[in-house]
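Inside the fold
Here is how the chains run, residue by residue.
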Amino acid sequence: MMYGLFFGDSITYGEYDGVFGGWVDILKRYTLQKYNEGSKELILFNLGIGGETTEGLIKRIPNEMAARNSAEENIVFIGYGANDLAVKDGSHLVNPEQFKNNILKAIQEAENYSKDIYLVSILPFSEKVDGVLVASGKLRTNEEVLVYNQILKNITAEHSLHYIDFHSAFLEDKEILLSTDGVHPNEKGYGVMAEIAIPIIEKYL
């Protein structure tokens, strides 16, 4: 038996998808169907928390990993940045340097239990919220997305991890794939994410 642990914010959790419940839940249903055909059992846990930054991640990852640790194999997915890069009252919730340190800390923790770690890219934002101060007092820019994604790419390369590039998949069609808030995917967007992630999951089935 194997465990797949998905850490992240509301985009991991699947917010704004009233149809499928988000990309991780689509994967969860997919693996359950596959298992019925007598293949290897892979159990997926959606550990996404809306609004969370990497500050929250490093506080909880030791306990979450210890509580959901498969003796055989664990696959860990880490998807953060959309909240970290948000500017509120003039400063990032988590600045790039701190973001990098937090991701490295989380990886170190995950490596105690897993040899397969995937870093998930941050999605682009819709034109209507790019550089706009929204009601929550947060300001996000697509320029910052590139900066934070580059940090994730560098860490992936330096530590021989895997990078899931949802950003490229959304870039051209972001206005169709994002929900009305311009930050979260809609059900179509989450469907695209699941399509990209299914071949990754397939490798373990």
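Scroll up a little and you will see the structure.
Report follows, based on the coordinates.

Each value, and the rule that gives it
Residues numbered from 1 in each chain as written. Predicted model: local features only at pLDDT ≥ 70, side-chain atom pairs only at ≥ 80, totals over all residues. Heavy atoms only, no water. Buried < 20%, exposed > 50% of the residue type's maximum accessible area, 1.4 Å probe, protein only. Helix = DSSP H or I, 4+ residues; strand = E, 2+ residues; numbered from the N terminus. Pairing = 2+ DSSP bridges. Contact = heavy atoms within 4.5 Å. Phe/Tyr/Trp six-rings, centres within 6.5 Å; stacked < 30°, edge-to-face > 60°.

A few words now on the pairing of strand S1 (residues 2-8). The buried count for S1 comes to seven of seven residues, which makes it a mostly enclosed element. In S1, alternate side chains face the same way, and those of Met2, Gly4, Phe6 and Gly8 on one face and Tyr3, Leu5 and Phe7 on the other are all buried. Direction of pairing for S1 relative to strand S2 (residues 42-48): parallel, over a ladder of seven bridges. In the sheet register, Gly8 faces S2, and the bridge partner there is Gly48.

Here Ser179 shows up in the loop between helix H7 (174-177) and helix H8 (187-202). When sequence neighbours within four positions are dropped, the list of residues in contact with Ser179 reads Tyr16, His184, Pro185 and Asn186.

Here we take up the sheet that holds strand S4 (residues 87-88). Taken together, four strands build an open sheet; the order of strands is S5-S4-S8-S7 and the sheet is antiparallel. This sheet does not close on itself; its edge strands, each paired only once, are strand S5 (91-92) and strand S7 (132-133). Where S7 lies against strand S8 (residues 138-140), two bridges are found, and the strand directions are antiparallel. Note on S8: the bridge partner recorded for Val132 is Arg140.

The next subject is the packing of aromatic side chains. All told, the structure shown has six aromatic pairs when counted by the stated rule. The interplanar angle of 85° and the centroid separation of 5.5 Å between the aromatic rings of Phe6 and Trp23 together place this pair among those described as edge-to-face. Placement of the pair is Phe6 in strand S1 and Trp23 in helix H2 (residues 23-36), with a sequence separation of 17 residues. The burial state of Phe6 is the same as that of Trp23; both residues are buried.

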